[in-house]
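One-letter residues, chain by chain:
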Amino acid sequence: MDARDFGSLDSKGMQRVNTDIPPLLAQALSASNVSAHWERRVFGQHTGDGYVAGMDPEVLPALVGHFPNALRQALALRRAENPHLKPLQLRVSIHVGPLPQSGLGVPMVHTHRLLDDKALRAVLDRGHPEITNTAVIVSQRVYEDVFDSGCVNDDVLPTHFHRHLVRVKKFDQPAYLHLPGFDWGLADPDIFEPSAAAGDEEEPGAGAHVASAPTGSGAVNFHQYGEHGKQGYNFYDEQGR
């Protein structure tokens, strides 16, 4: 997940957001009844303006069903308790696939590509920050695994997710957008119109996320280039900590 407009904050504001995100995640996941899985997460790491982690695939029904609205409520509570702070808006991507303890692999790259989707960014840019604080995108595989199984949690329906084609760098796959409680029948269709440069390669600093392995035994370094060129570095030992 990433925080919208992180680069507009001053240093103190950036530090506050960085500190607040893990407890917000823990709160929303607890409300989704997957706290035990969260405690066992792998390659959990800050990315400067966000957070990334892996959990068992069995949590997918909760992540797709209950978690988005639980996160929306956690962010609303943060705003109510801290009216002096700029409202925090988060965009979230959910994908599934085999990864080692290091987290390096194609599923990780695809997760970040989904997070960089232009439409996902657009709905938060257009939404009122005190109302629309959470935007979620799930891969087609996640969508099919959850809804085809009939195991989705809460009262979320397939029609709460809007299918569209995500094109970021060489990634070109369908995915599903979700705004908790939003009726996509009311959406402005031009959110999904491809721009003239939709097929162009993006340069680092334009929202790209890059995963790389640095030197040093067992260490992994994830680089994230945000909208404003900010970077987050995280190093882990052989156990992925």
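Our subject is the structure that appears above.
What counts, and where the lines are drawn
Residues numbered from 1 in each chain as written. Predicted model: local features only at pLDDT ≥ 70, side-chain atom pairs only at ≥ 80, totals over all residues. Heavy atoms only, no water. Core = buried A, V, L, I, M, F, W, Y, C linked by side-chain atoms within 4.5 Å. Buried < 20%, exposed > 50% of the residue type's maximum accessible area, 1.4 Å probe, protein only. Helix = DSSP H or I, 4+ residues; strand = E, 2+ residues; numbered from the N terminus. Phe/Tyr/Trp six-rings, centres within 6.5 Å; stacked < 30°, edge-to-face > 60°. Pairing = 2+ DSSP bridges. Contact = heavy atoms within 4.5 Å. Axes fitted to C-alpha atoms, helices over the stretch in contact; angles between N-to-C directions. Arc of directions from axis to C-beta. Salt bridge = Lys/Arg side-chain N within 4 Å of Asp/Glu carboxyl O.

Concerning the nonpolar core
The nonpolar side chains of soluble globular proteins are, as a tendency, buried together. In this structure, Met-1, Phe-67 and Val-138 are the most contacted members of the largest nonpolar core, which totals 37 residues. Elements with a contribution of two residues or more to this core: helix H1 (11-31), helix H3 (60-65), helix H4 (67-81), strand S4 (90-94), strand S5 (134-139) and helix H7 (140-149). Broken down by element, this core gets its largest block of residues, seven residues, from H1. In terms of nonpolar packing, the next biggest core, distinct from the first, is built from 18 residues, Leu-115, Ala-119, Val-123 and Leu-177 among them.

Looking at the packing of aromatic side chains
In the structure shown here, the tally under the stated rule is six aromatic pairs. Judged by centre distance (6.1 Å) and plane angle (65°), the ring pair of Tyr-143 and Phe-161 falls under edge-to-face. A residue pair is termed long-range when its members are at least 10 positions apart, and Tyr-143 in helix H7 and Phe-161 in strand S6 (residues 161-168) qualify at 18 residues. Of the two residues, Tyr-143 and Phe-161, both sit in the buried class. Between Tyr-143 and Tyr-176, the ring centres sit 3.6 Å apart and the planes meet at 0°, which makes this aromatic pair stacked. Taken together, the positions of Tyr-143 in helix H7 and Tyr-176 in strand S7 (residues 171-178) put the pair 33 residues apart, joining distant regions of the chain. Comparing Tyr-143 with Tyr-176, the two get one shared label, buried.

Topic: the pairing of S5
Counting buried positions along S5 yields six of six residues, so the element is predominantly enclosed. Residues Thr-134, Val-136 and Val-138 of S5 are buried on one face, and the alternating residues Ala-135, Ile-137 and Ser-139, pointing to the opposite face, are buried as well. For S4 and S5, the ladder comprises five bridges, and the chain directions are parallel. Bridging across to S5, Ile-94 finds its partner in Val-138. With four bridges connecting them, S5 and S7 associate as antiparallel partners. Paired with Val-136 across the strands is His-178, a residue of S7.

With respect to the sheet that holds S6
As summarised here, the arrangement of the five strands in space is S1-S4-S5-S7-S6, forming an open sheet in which the pairing is mixed. The open sheet terminates on both sides in strands that have one partner only, identified here as strand S1 (2-3) and S6. Where S6 and S7 come together, eight bridges link them in antiparallel fashion. Paired with Leu-165 across the strands is Pro-174, a residue of S7. Relative to the sheet, H4 contacts S4, S5 and S7, its axis offset from that of S5 by approximately 160°. Relative to S5, H7 is tilted by about 85°, and along the sheet it contacts S4, S5, S6 and S7.

What about H7?
Of all the residues in H7, the buried ones are Val-142, Tyr-143, Val-146 and Phe-147. Down the axis, H7 shows its buried residues gathered within 100° of arc, on one side only. Residues of H7 that are buried sit in contact with H3, S4, S5, S6 and S7. One or two steps after H7, the chain reaches Gly-150, where phi turns positive at roughly 70°.

Re the pattern of salt bridges
Here the structure, examined in full by the defined rule, presents ten salt bridges. Of the charged contacts in the structure, one is a salt bridge between Asp-116 and Arg-121, with a shortest N-O distance of 3.1 Å. Accessibility expressed as a relative area gives 2% for Asp-116, which makes it buried. Between Arg-141 and Asp-145 there is a salt bridge, and its shortest N-O distance comes to 3.9 Å. In this pair, Arg-141 and Asp-145 both sit in helix H7, four residues apart, roughly one turn of the helix. Arg-141 sits in the partly exposed class, given a relative accessible area of 44%. The class for Asp-145 is partly exposed, based on a relative accessible area of 39%.

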